[in-house]
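Residue strings, one per chain:
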Amino acid sequence: MSRNELFMVSPINAILEGLYETPMTFAELKEHGDFGIGTFNDLDGEMVMLDGRAYHLDVDGSAREVADHEKTPFAAACFFRPFSVEETGPLTDSKKFLNLLDICLPSPNMLYALRIDGDFAQVHTRSVPRTRNHTPLVEATALQKERKFDRITGTLVGFYTPKFMPSVNVPGYHFHFIDQDFQCGGHLLGCRLNHGRLSLQICNQLLLNLPMTLDYLGVDFTRNAAQDIEKAER
Ligand code: ZN
């Protein structure tokens, strides 16, 4: 396996259609990475994997470690080996944060894994509630719960995906946050960073798993993926 391969459990299209069941266990996912984000079967919360350990971020924002037999319908993962590490000072709003990331990426046409360890003035997250299979993602995220964590130290785990592949993965940046004690977190909606360390890895190869499930084999992909992602993930 390439050192810079990004692995995906399924294309984001399948999640947009509400296909929240696959047989992929976390034991299998960990064969493809020690770093990643995603969700659980039945869209049961947000997932973050850091240094080889996976955590479940529940709808109330609380975190617990995931057992290897649990399953995921959607996750992106890689073996995190950053090629650059940079310290960054205060970034007082989400726009400045995203601008800095844009400056750090050598090209918008690559996949990247990004890790930011930092002290945050605020982290704004959401988590999705457990949702019945076949419920479109935009309907599920309408019931998401948001949280704001003030003065918190922790890690953002995420990926950048080029804009030309919106049916494969969330285009642009997609981060999940977990605090340094692994007690709380969620899908990132915004943040204010006091100071942090940004680690960056280029992923120039993608291994896309297509789920061999009846749901997936029979689905008709007719949605506008880019539009649904904008509604569901931002
Ligand atoms: Zn997410």
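Overview of the structure. Each chain carries its own residue numbering, running from 1 in the written order of its sequence. Side-chain atom pairs in this predicted model are given and counted only at pLDDT of 80 or more, local residue features only at pLDDT of at least 70, and totals for whole chains, interfaces and linings cover all residues. Water and hydrogen atoms were dropped before computing side-chain values, which therefore reflect all heavy atoms in the structure.

### A look at unusual backbone geometry
Even without a glycine there, the phi angle at Leu43 is positive, about 50°. Inspection of the secondary structure assignment puts Leu43 in the loop between strand E2 (35-39) and strand E3 (46-50). Secondary structure elements are taken from DSSP: a helix is a run of H or I of four residues or more, a strand is a run of E of two residues or more, and numbering for both begins at the N terminus.

### Points about the coordination of the zinc ion
For a metal with four donors in a tetrahedral arrangement, the ideal angle between donors is 109.5 degrees, while six donors in an octahedron ideally sit at 90 or 180 degrees. For Na, K and Ca the donor cutoff is 3.2 Å, while for all other metals N, O and S atoms count as donors only within 2.8 Å; water does not appear among the atoms, so some sites may look incomplete. Only His174 (NE2), His176 (NE2) and His187 (ND1) from the protein reach the zinc ion as donors, at distances of 2.0 to 2.1 Å. Motif for the zinc ion, donor spacing along one chain: H-x1-H-x10-H. Pair noted here: His174 is in strand E10 (residues 172-179) and His187 is in strand E11 (residues 185-203), with a separation of 13 residues, a long-range link. The buried label goes to any residue with under 20% of its type's maximum accessible area, the exposed label to any with over 50%, and the partly exposed label to all in between, with areas taken from a 1.4 Å probe on protein chains only. Overall, the relative accessible area of 9% leaves His174 in the buried class. Given a relative accessible area of 1%, His187 falls into the buried group.

### Focus on a nonpolar patch on the surface
Together, Leu206, Leu208 and Leu210 line one region of the surface with nonpolar side chains, adding up to about 220 Å² of accessible area. Inspection of the secondary structure assignment puts Leu208 in strand E12 (residues 205-208). Here Leu208 falls in the partly exposed class, since its relative accessible area comes to 31%. By definition, no residue in a patch forms a salt bridge, and every one has over 30% relative accessible area; like charges are joined within 9 Å, nonpolar side chains (Val, Leu, Ile, Met, Phe, Trp, Tyr) within 5 Å. Only the protein chains shown count as cover for residues, with accessible areas throughout obtained via the Shrake-Rupley method and a probe of 1.4 Å. Salt bridges are defined by distance alone: a side-chain nitrogen of Lys or Arg within 4 Å of a carboxyl oxygen of Asp or Glu.

### Some words on the nonpolar core
Phe35 and Phe159 are the most contacted members of the largest nonpolar core, which has 33 residues in total. Within this scheme, the nonpolar core is defined by two criteria: the residues are buried Ala, Val, Leu, Ile, Met, Phe, Trp, Tyr or Cys, and they are joined through side-chain atoms within 4.5 Å. Grouped together as the second largest cluster of nonpolar side chains are 23 residues, Leu114, Leu188, Cys191 and Leu200 included.

### Concerning the sheet that holds E2
Strand pairing within a sheet occurs via backbone hydrogen bonds; the two strands may be parallel or antiparallel. Ordered by their spatial adjacency, 7 strands build an open sheet running E5-E4-E3-E2-E6-E1-E12, and the pairing between neighbours is mixed. Edge strands, defined here as strands with exactly one partner in the open sheet, are strand E5 (63-65) and E12. For this sheet, the mean inter-axis angle between neighbouring strands, taken without regard to orientation, is 20°. Bridge count between strand E1 (residues 5-8) and strand E6 (residues 75-78): 2 bridges; the pairing is antiparallel. From the neighbouring strand, Phe7 faces E6, where its bridge partner is Ala77. Any two strands are treated as partners once DSSP identifies two or more bridges connecting them. To define axes, lines are fitted to C-alpha atoms, for helices over the stretch in contact only, and angles between the resulting N-to-C directions are given on a 0 to 180 degree scale.

### Topic: the pairing of E1
Covered by surrounding structure in E1 are Glu5 and Phe7 together with Leu6 and Met8, the residues of both alternating faces. Note that E1 and E12 share 4 bridges and pair parallel. Following the sheet pairing, Met8 is matched in E12 by Leu208.

### Some remarks on the environment of Leu137
Along the chain, Leu137 falls in helix H4 (residues 137-141). On the accessibility criterion, Leu137 (3% relative accessible area) is buried. For the pair Leu137 and Asp228, spaced 91 residues apart in sequence, the C-alpha separation works out to 8.0 Å. The contact criterion used is simple: two residues touch if any of their non-hydrogen atoms lie within 4.5 Å. The residues contacting Leu137, other than those within four sequence positions of it, are Ile15, Leu16, Tyr20, Leu43, Ala232 and Glu233.

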